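# Observations on the model geometry
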Amino acid sequence: MKKIKIMLLFFSALLLVACTDSSKNDELKAYVSDFENSGFKNKAGQIIVLLDEGIMIDSHVLRGQSDKKSNIDKVLEKENIPLNQQFNKIYKDATIKTVGSKYYITLEENIKLEFEKIGLRIIQDPEGVEYYTQEYSEEN
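Now for a look at the structure at hand. Residue numbers run consecutively from 1 along every chain, following the written order of its sequence. Totals for whole chains, interfaces and linings use all residues, but because this is a predicted model, local features are given only for residues with pLDDT of at least 70 and pairs of side-chain atoms are given and counted only at 80 or more. Hydrogens are left out, water is left out, and the side-chain values use all remaining heavy atoms of the structure.

## Comments concerning the sheet that holds strand 1 (residues 40-42)
Filter applied, for reference: Paired strands, in this sense, are two strands between which DSSP finds at least two bridges. Put simply, DSSP H or I for four residues or longer makes a helix, DSSP E for two residues or longer makes a strand, and each gets a number counted from the N terminus. Here, axes are lines fitted to C-alpha atoms. For helices the fit covers the stretch in contact, and angles between N-to-C directions go from 0 to 180 degrees. In this analysis, two residues are considered to be in contact whenever any of their non-hydrogen atoms come within 4.5 Å of each other.
Reading across from one edge, 4-3-2-1-9-8-7-6-5 is the order of the 9 strands in this open sheet, with antiparallel pairing throughout. A single partner strand is all that each edge strand has here, and the edge strands are strand 4 (87-91) and strand 5 (95-99). The sheet shows a mean angle of 25 degrees between the axes of neighbouring strands, taken without regard to direction. Alignment of strand 1 against strand 2 (residues 47-50), held across 2 bridges, turns out to be antiparallel. Bridging from a neighbouring strand, Lys-41 pairs with Ile-47 of strand 2. Strands strand 2, strand 3 (55-59), strand 4, strand 6 (102-108), strand 7 (111-119) and strand 9 (130-132) of the sheet are contacted by helix 2 (residues 71-78), whose axis makes an angle of about 170 degrees with strand 7.

## Examining the nonpolar core
Rules: Residue types Ala, Val, Leu, Ile, Met, Phe, Trp, Tyr and Cys, when buried and joined through side-chain atoms within 4.5 Å, form a set referred to as a nonpolar core. Each residue is assigned to one of three classes by its accessible area relative to the maximum for its type, calculated with a 1.4 Å probe on protein chains only: buried under 20%, partly exposed between the two thresholds, exposed over 50%.
Within the largest apolar cluster, 24 residues are counted, with the highest numbers of intra-cluster contacts made by Phe-35, Ile-48, Ile-55, Tyr-91, Ile-105, Leu-107 and Phe-115. Of all the elements in the fold, those that place two or more residues in this core are strand 2, strand 3, helix 2, strand 4, strand 6 and strand 7. Contacts of Phe-35, omitting those with residues within four sequence positions, involve Phe-40, Ile-48, Val-49, Leu-50, Ile-96, Tyr-103, Ile-105, Phe-115 and Ile-123.

## As for the packing of aromatic side chains
Test applied: Side-chain rings of Phe, Tyr and Trp (the six-membered ring for Trp) are treated as a pair once their centres are within 6.5 Å; stacked means planes under 30 degrees apart, edge-to-face means over 60, and tilted covers the remaining angles.
Applying the stated criterion across every chain, the model contains 4 aromatic pairs. Ring centres 4.9 Å apart and planes at 65 degrees place the aromatic pair Phe-35 and Phe-40 in the edge-to-face group. For Phe-35, a relative accessible area of 1% gives the class buried. Among the residues examined, Phe-40 registers a relative accessible area of 2% and is labelled buried. The interplanar angle of 90 degrees and the centroid separation of 5.1 Å between the aromatic rings of Phe-115 and Tyr-131 together place this pair among those described as edge-to-face. Placement of Phe-115 in strand 7 and of Tyr-131 in strand 9 is noted, with a sequence separation of 16 residues between them.

Written out as structure tokens, the structure is:
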């Protein structure tokens with residue numbers, strides 16, 4: 001009888017861990033709709049948002065102030081935007097694809113971005129720059 005109780009406790013603990021991991025995975029699932037409404041903004045004030053017209057990139061800051069280049073800094077470099085110039089562009093033929101917790105964004109043939117959802121309202125680019133949103137995903 002003691003062995004049965006121990007085994008029941010063990011299987012209950014396994015079930016609890018499995019349920020907890022599953023809900024966390026669901027919480028970190030990437031959705032295209034995560035970029036709608038307010039989009040995401042990093043600490044430098046750079047914004048990426050999905051609008052009806054396409055994907056908008058907005059940067060009203062001086063770049064080159066950090067060792068890390070954000071994904072948006074890389075977009076500005078490809079667009080040949082000077083360090084002190086404001087930038088706002090809507091990419092009309094842009095796409096966002098998701099796989100698990102990752103977002104794959106194509107703005108033009110030569111501009112590809114990647115982000116990963118690391119929190120309920122936080123994404124991160126490959127350089128470790130975090131972006132935050134004020135909105136909760138409609139899927140959550």
